[in-house]
Structures are given as C-alpha cells and as structure tokens.
Amino acid sequence: GAGVSQTPSNKVTEKGKYVELRCDPISGHTALYWYRQSLGQGPEFLIYFQGTGAADDSGLPNDRFFAVRPEGSVSTLKIQRTERGDSAVYLCASHPGPGANVLTFGAGSRLTVL
Amino acid sequence: AQSVTQLDSQVPVFEEAPVELRCNYSSSVSVYLFWYVQYPNQGLQLLLKYLSGSTLVKGINGFEAEFNKSQTSFHLRKPSVHISDTAEYFCAVSRPIQGAQKLVFGQGTRLTINP
C-alpha cells in the first residue's frame, strides 16, 4: 500500500480481555517496528522484525505482549489479560531493510483498557 | 545506551514569530538524529534528519536544525511560524546497527501557535 496501515484505529476493551492490533507495512518493506506511546510521552520501542523473525524484542514489557509476522508482511501485536496500564497508542513503522535509515509510521491504534 | 531530553514540554508562540525547540542527547557512540512532527490524531511524520556531513540540516515546512557535537544538541528552528505548525514535535536518536533503526524518542514538545 501507499503507507503504513493500522487497524483498528481505536479499541476499547475491559481489563483482562485479549486484544489484537494489526499493522500492514508499506509493500516491499522488510523491516517492521512496534512502538508504544503513552499519554504525554514519546514513543517507546517494543519489538522489531526483519522479515518473519523478531530481531529484537527487548522492549516488550512482559510476557503478556507478543507479536508475530508469519509471512514477512502484516504483523499482529497481541496483548493478553489487558491491564489499565496498557492503555496507549500503539504505533507501527516500516522501512525497506538493511541500509535504510528512515522509518515511516502509521497513524496508530489507540487502545483504552477500562 | 542513548537518551534524549527535550527541554520544553510546551512552547507558545505568536504567528509569524521565530521558534526554537530544544533537544539534547546522550550517547557514547555516533548517532543519527531526527525530528518528527505529530499532528492531532495522525502518525509521526519525519521533518528532517542528520546522518553525517553538514551540521545544518534543512527539512520540510521551512524547518531546520543544527547538530552541535560539542554540546550534544540538535535544536529545531523556524524563522516564522504559521497556525498550521501547531503540533507535537519529537526529537529522536538511533544507532544504526546492522541497518536497524531503533529510535529513542524524547518526551515531546507541544508547539502552540497563537494568532
């Protein structure tokens, strides 16, 4: 596609529920990133994929968070047993691969946990 | 590890006035530096970047930034702002290891332009 697409744009859920957030990167971009932006803060790195594999997942806050990219294109961020502190905007970004130095961001998925 | 400090959380400016948004970084190795802008309910958009070479970098929408290695700063400037520049601005650094661009962001500066 022309840009990075994220769905849903808004998600409201109850504490303890399971949530999936989807990212569709720019066509041909092999690298994909997830960031989390809490209210009043800058984005924080969660996980980075090069192709199908997670090259760096050091930013995932705990084992309730998991992400996949089974075919090296679309990625899904999965959050189990959501907590109120998970409320944030989850941003996805992509770039063409090794040697690229600029990320293109999607508009984000705003998650609210009640 | 790298870190970024944006010294002002909010900056109010009158239309057509000049503005400077301050950014300082900390890193023991060479880094790339970026400024991103975030308009309400939109994603981050790249304003400009410093990778190497000339320390004065020009970006979109009339913005520019100057890399100062001795002061570890990368302040963003615009000589005359418009109402449409109202947005959140983020400074970020990355260390280009094996092509990865794992950005570390500052907390952001909210620029408000008053008529």
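Here the structure is a predicted model, which means the values were calculated and not measured. Sequence order sets the numbering: in each chain, residues are counted from 1 along the sequence as written. Both sets of labels track the order of writing: A upward for chains, 1 upward for ligands. Note on the predicted model: pLDDT of at least 70 is required for a residue's local features to be given, and 80 or more for side-chain atom pairs to be given and counted; whole-chain, interface and lining totals, by contrast, use all residues. Side-chain metrics in this entry use all non-hydrogen atoms of the structure; hydrogen atoms and water are not considered.

J.: Would you take a moment to explain the layout of surface pockets for this structure?
T.: Taking a probe equal in size to a water molecule and rolling it over the atoms shows the remaining empty space. Residue and element names in this part refer to chain A. As defined here, a cavity is a set of points on a 1 Å grid over the protein atoms alone where a 1.4 Å probe fits but cannot get out. A pocket is an open set with protein on both sides within 12 Å along at least five of seven lines, and residues line them when an atom is within 4 Å of a point. Grid points are joined across faces, edges and corners, and a volume is the space filled by probe spheres set on the points. Quantified by volume, the largest pocket comes out at close to 630 Å³. Helix numbering and strand numbering both begin at the N terminus, where a helix is a DSSP run of H or I of at least 4 residues and a strand a DSSP run of E of at least 2. Counting residues per element, the lining of the largest pocket draws most heavily on strand β11 (residues 109–113), which supplies four residues. Throughout, the ten residues Ala, Val, Leu, Ile, Met, Phe, Trp, Tyr, Cys and Pro are labelled nonpolar, Asp, Glu, Lys and Arg are labelled charged, and all others, Gly among them, are labelled polar. For the lining of the largest pocket, the class distribution of residues is nine nonpolar, 17 polar and three charged.

J.: Sorry if this is basic, but what is going on with the interface of chain A and chain B here?
T.: Where interface size is quoted, it is often the accessible area lost as the parts come together. Taken together, the contacts link 24 residues of chain A with 20 residues of chain B. Taking both sides of the interface into account, the surface hidden between chain A and chain B amounts to around 1,600 Å²; carbon and sulfur atoms contribute 56%. A 1.4 Å probe defines the accessible area here, and the buried area is the portion of it lost by two parts on being joined, summed over both. Among the residues of chain A in contact with chain B, Pro43(A), Asn101(A) and Phe105(A) are the three that bury the most area, contributing 31% of the side total. Definition used for salt bridges: Asp or Glu carboxyl oxygen within 4 Å of a side-chain nitrogen of Lys or Arg. Counting the contacts that link chain A with chain B gives one salt bridge. A salt bridge links Lys102(B) to Asp56(A); the shortest N-O distance between them is 2.9 Å. Note on contacts: a residue pair qualifies if any of its non-hydrogen atoms lie within 4.5 Å across the two residues.

J.: Which parts of the structure should I look at to understand unusual backbone geometry?
T.: Apart from glycine, the bulk of residues carry a negative phi angle, and the bulk of peptide bonds sit in the trans form. The omega torsion across Thr7(A) and Pro8(A) is -10°, close enough to zero to call that bond cis. Relative to the assigned elements, Pro8(A) resides in the loop between β1 (5–7) and β2 (10–13). Despite not being glycine, Arg81(A) has its phi angle at roughly 45°, a positive value. Residue position: Arg81(A) is located in the loop between β8 (75–79) and β9 (88–95). A positive phi angle, close to 45°, is found at Thr72(B), a residue other than glycine. Tracing the sequence through the fold places Thr72(B) in the loop between β8 (64–68) and β9 (73–78).

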